[in-house]
Structures are given as C-alpha cells and as structure tokens.
Amino acid sequence: AAIVIIFMSLRYVGIGLVNMPLTDYGMSIIPISLSGHASAMLNWCKQVTAVIWLSMLTALLSFRMTYHYRLNGNVGEAIEGTGTYNVAEMQAVNDVFLTLAIVLVVTALIVLKMKSEKPCRDGEIAEKNQ
C-alpha cells in the first residue's frame, strides 16, 4: 500500500508542477483581447477532457475486470469479496495504469517533437532563434 501511495503522490506532484507552466505558456500565446474567451475555453476543454477520460478508463476497468475474472476460470457475474474477484480487480487496475502510462509516454514524445517556438506578448509567434 505504501508503494501505491508513493507513486500516486509522485504522479500528482508531477501534474501540479507541469499544469501551471503549460497553462501559462498556452495563455501567453493568446492576444490580450481574447484572453477572457481563451481562459473560459481552456477550462471548458479541461473539464470535457477529464470527463471523457474518466468514462473511458471506467469502461476499460469494467471490461478488464470481467476479462480477468473469466480468465481465472469463473463464469457469470463477478462476486465481490471472493479471492478470484480481488485478483481480477487488481489485474484490471494494473491494466488501467499501464494504459495511462503508455498514453503519457506517447504524449511526452509528441510534446518533445513539437517545434520550439517563443511566445510574444502581442499574440504573434516569433521564429526560433538560431
């Protein structure tokens, strides 16, 4: 249990350290006259994305739970509290975390491949200094 707490803490610290600079960078590209609309759109997009991912991961957890429960030789509905249910539940959670890790690695690679551009205050993007 302590390992899970440590990894989850590191995950949330990482999210906290990355979220503010990304938001600041994204908002610095927007012209000042549109910053109010951009802020509202950013918040809306964050919430919609979070809901979509939560729904997808919940469905994945449910599907993988049923898969692992049946893979262990059980038929019918999963009965909570049994040993095979607990094993299937842990394996399904592991599958969801593995899926998230793959998505994060792919996203990090895409971000690293993006062209580095320097934002300006007037909303224009300056060419990268050579």
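The shown structure was predicted, so the numbers you read here are calculated from the model rather than taken from an experiment.

Some points on the confidence of the model for the protein chain
Per-residue pLDDT for the protein chain has a mean of 81; in total, 87% of the residues score no lower than 70. Per-element mean pLDDT across the protein chain ranges from 50 in strand S2 (residues 125-126) up to 91 in helix H2 (residues 35-71). Here residues 126-130 is modelled with pLDDT under 50, and outside its nearest four sequence neighbours on either side it reaches five contacts, counting other chains as well.

Overview of the layout of surface pockets
Reported here for the largest pocket is a volume of approximately 1,400 Å³. Looking at the largest pocket, it is lined by 27 residues, and the ones nearest its centre are Arg11, Ile15, Trp53, Leu104 and Thr107. Those elements that provide at least two residues to the lining of the largest pocket are helix H1 (2-29), H2 and helix H3 (83-113). No other element matches H3, which puts 10 residues into the lining of the largest pocket. By residue class, the composition of the lining of the largest pocket is 19 nonpolar, six polar and two charged.

Each value, and the rule that gives it
Residues numbered from 1 in each chain as written. Predicted model: local features only at pLDDT ≥ 70, side-chain atom pairs only at ≥ 80, totals over all residues. Heavy atoms only, no water. pLDDT = per-residue confidence, 0-100. Helix = DSSP H or I, 4+ residues; strand = E, 2+ residues; numbered from the N terminus. Contact = heavy atoms within 4.5 Å. 1 Å grid on protein atoms, 1.4 Å probe; cavity = no way out; pocket = protein on both sides within 12 Å on 5 of 7 lines; lining within 4 Å. Points joined across faces, edges and corners; volume = space filled by probe spheres on them. Nonpolar A, V, L, I, M, F, W, Y, C, P; charged D, E, K, R; others polar.

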